[in-house]
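# Breakdown of the fold
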Amino acid sequence: MISRVADSCFWLYRYMERVENVARLLDVNLLVVLDTKTNEQERWRPVLIVAGEEPRFVQRLGASCADDAQAVQNYMVFDEENPVSIVSSLRWARENARSIRDTISLEMWEALNAFWLWLGESGHKSFVRNPHHFYSEVKEQCALFHGLTHNSVMHNDPFNFMRLGMLLERASQTARVLDVKYHAMGPSHPDKESLEEGIEWIALLRSCSGYESFFKKSGVQFGGPAIAAFLILEPDFPRSVLHCIGRAVNFIQRVRGTTPGPIGARAADLLGALYARLTSTNIRDITSVKAGIHKECTRIVEETARICEAMRLDFFDPPLPEMAKLTKMGSMFQSQG
Amino acid sequence: MAKSKKRSKQAASNVFSGYKPLKSCFDELFCASGAPQETLEALVRSIDSIGAAEFKARQKLANAAFLKGGITFKVYSDKRGQEKIFPFDLIPRPVSGQEWPRLERGLTQRIAALNMFLADVYGEQRLLKEKVIPRELVEGSKGFLKQVKGIKPLNGVYVHVAGIDLIRRPDGGFCVLEDNIRTPSGVSYVLENRRVMKRVFPKVFAQAKVRNVDEYPLRLREALTGIAPQGVAPRLLILTPGPFNSAYFEHSFLARSMGCELVQGQDLFVWQDKVYVKTTKGPQRVGVIYRRVDDQFMDPKVFRPDSLLGVPGIMGAYAKGNVALANAIGNGVADDKAVYPYVPDMIRFYLSEEPILDQVETFICAREKDCEHVLANLSKMVVKAVDESGGYGMLMGPQASKKERDAFAERIRANPRGYIAQPRVEFSTCPTWSGTDMQPRRVDLRPYIVTGKDSWVLPGGLTRVALVEGSYVVNSSQGGGSKDTWVMG
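What counts, and at which threshold
- Residues numbered from 1 in each chain as written.
- Chains lettered and ligands numbered in written order.
- Predicted model: local features only at pLDDT ≥ 70, side-chain atom pairs only at ≥ 80, totals over all residues.
- Pairing = 2+ DSSP bridges.
- Helix = DSSP H or I, 4+ residues; strand = E, 2+ residues; numbered from the N terminus.
- Contact = placed C-beta atoms within 7 Å.
- Axes fitted to C-alpha atoms, helices over the stretch in contact; angles between N-to-C directions.
- Domains from an automatic or database assignment.
- Nonpolar A, V, L, I, M, F, W, Y, C, P; charged D, E, K, R; others polar.
- Core = buried A, V, L, I, M, F, W, Y, C linked by C-beta atoms within 7 Å.
- Buried ≥ 20, exposed ≤ 12 C-beta atoms within 10 Å, placed from the backbone.

### Remarks on the sheet that holds strand E17 (residues 419–423) of chain B
Residue and element names in this part refer to chain B. Read across the open sheet, the four strands follow the order E14-E17-E15-E16; overall the sheet is antiparallel. Edge positions in the sheet fall to strand E14 (363–364) and strand E16 (394–396), since each has one partner strand and no second. Where helix H15 (residues 402–414) meets the sheet, it contacts strand E15 (381–385), E16 and E17, and its direction lies at approximately 140° from that of E16.

Written out as structure tokens, the structure is:
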């Protein structure tokens, strides 16, 4: 498929994943604030930190506003100058979709376009009236979009690149949320946790849609280390880092085909290395120490960024001289139908 | 008596209640008396009976369908990404099945002549040598590109896709107003309008026996794959300037409906006079490009060096016959508005036939006598820049102020070759919903002609409508809308 189109597929899903993640994060926060004693100062700033937006927010709106529920939510939902706000992510998702209208299905486009139109009008009203309801609607529209996509496009290259975008974004996001929460609320005494801390952990699980899954996993211990291990290493949990990376390995294999050429080797190697590390036996030790968690999460975020960059160089924006070299190498030189 | 009273009461809520056709021109649905045209009685009755309130509701439904589908026309580059739908009017514009075959023949004839003209102008130049048309007029055209002299497109076709603008005179006869044979747009609206009309007016539609338009993408695909260079798999691509182009919706629409890929200039490169597309599996050879990028932007090495929309070196590949481009490069010389008056002569010269379709009397300001006449009668004339489209660069003499006319006269004197003028034609109206009631508004008709081995005329076309009261300008950039065109029976 055309390189630029692959790039847009990849980013379309990354942006949609961000929309959903931000909505869930804000929603969970909003609910927790209602019935915990933690003051708001400790409550809303982490949202900005997870998004990597704290410095820009403080610079634009002032440090004192970082404690303000309304200001942070406005910033994360409707601020067009915030590159990771819901409105920005959705706009870019739609722009990407628009540029590949010939590739995506009509159903996908109509769902996305309706979502965009909704956000500017009734969505905005819903947000003002009842933010919780608004976040639910956002999540539902995302689910609708993904459901329609899954059932209306061919599961070939464009779809594979979309899934890669989603999985890499999700792996990185889970690591980020875990890191920030662990850092901010991590247990000082891993074995003795207060009720407050328990509520924090539940909120963390909910931020990753993992509350029920975690408790269904019978026999697991409740508490920081167990939850960290679950979010990073549980192979069957759809938002765990290991699950996402494992799926991404499959998808990149599909993209490269049964007899992979040199194209895509860098991204595939990096993905394979990360997967190997996450499945190695000694990684479980890391999840028992707070510093280890932080280090591991940082590493995951950095490595997924490196994989995305390799994807760009391999598939999306290959430098021309290299392309010409490949044509000289022969096999690619054949005309193809 | 009682009967007529009942009728008028009922009429108050009907779709066409109170509709009065203009006296000066033909109306597509009604006679001058106010009664429906004889052949259209059933159609008018079935629309009328929907009732004004229900009609309004359906117009809303249609607008919502366009917006949701992102079937939008203007794209502003501001942050909100505002897009407007191309205004769509629900009253269909009928063309009778009796008059359509003649139009088909006339359009096919015209395209054949224009195609032969292009082959001649960039080849032997017989027409110029025999002085059927002045050489300086042709070679002085902005659309005449000396860079393509001697290049013969594969299969000899220049005009793969044409959109010829027709208007209907007060006597009911069609005539050609303008040829669009570079990159005519609008066909996607023909297909989308139809899709929406079927949903909104299923009953009216079913009764009217309208000819189907869905064949277009298949016909186009067939014509385009037929011109692939020998020995190259006919990988067909559509080249678009990108999502910010006002016709981007159409580009993506055509790619989807033909099942081919949509590319931008950056996706392509030329190596050893062959065109390749960058793919995730490496570069792949390209056979045919349906390009929707203007000539001047196609190749920065040959034309505008600042163009980022084209592909450096593509003209070399084209000249060698390694890639087919549709439409051919250099077609602008044939739809130059100052060349238009000579099309009937071309038909006689190349085909030894009489033109089937009439066209509008045109004064070429490059000819001294014509220019004098135009300047003396500016208040009766429509003046157009020869190389503009979209309703830009024109003067509507009868509606313009004296100041505007004087200013335009200056421009004509400064560059007579740049302008032509035509008497204003009182072209036909069609009932159109104004928001509160039904009003007569001017309409034109742009049929599309696809040429591969033979020419095929899409049974229908884009009817554009001037939504502003009293306006003669139907272009979408000037407040025009569109209607579904029904070729009936």
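### Description of the domain arrangement of chain A
Residues and elements named next belong to chain A. Annotation of chain A at the domain level lists domain 1 (1–152) and domain 2 (156–337). Counting from both sides, the interface comprises 26 residues of domain 1 and, opposite them, 27 residues of domain 2. Contributing elements (two or more residues each) for the side of domain 1 that touches domain 2: helix H1 (3–35) and helix H2 (41–51). For the side of domain 1 that touches domain 2, the class distribution of residues is 14 nonpolar, five polar and seven charged.

### As for the interface of chain A and chain B
Across the contact, 31 residues belong to chain A and 30 residues belong to chain B. Listed by contribution, the elements that provide at least two residues to the side of chain A that touches chain B are H1, helix H5 (86–99), helix H6 (106–120) and helix H17 (320–329) of chain A. Among the residues forming the side of chain A that touches chain B, the class breakdown is 15 nonpolar, seven polar and nine charged.

### A few points about the pairing of strand E5 (residues 174–180) of chain B
Residues and elements named next belong to chain B. As paired strands, strand E4 (residues 161–168) and E5 are joined by six bridges and run antiparallel to one another. Bridged to Leu166 within E5 is Val176. Hairpin connection of E4 to E5: five residues between the antiparallel strands, including Gly172 at a positive phi of 95°.

### Comments concerning the nonpolar core
Core analysis: the biggest nonpolar cluster contains 238 residues, and A:Phe10, A:Val19 and B:Val383 have the highest contact counts within it. Examining the composition of this core, we find that 15 residues originate from one element, H1(A), more than from any other. Viewed by domain, this core spans two of them, domain 1 (1–152) and domain 2 (156–337) of chain A, each represented by three or more residues. With residues near it in sequence (within four places) discarded, A:Val19 still touches A:Ile86, A:Ser89, A:Leu90, A:Ala93, A:Val138 and A:Cys142.

### Points about the environment of B:Val263
Looking at where B:Val263 falls in the secondary structure, it is placed in strand E7 (residues 261–263). According to the C-beta neighbour criterion, B:Val263 is buried, with 24 such atoms within 10 Å. Sequence-wise, B:Val263 and B:Thr280 are 17 residues apart; in three dimensions their C-alpha atoms are separated by 14 Å. Not counting residues within four places of it along the chain, the set of residues in contact with B:Val263 comprises A:Ile2, B:Leu237, B:Leu239, B:Leu268 and B:Val277.

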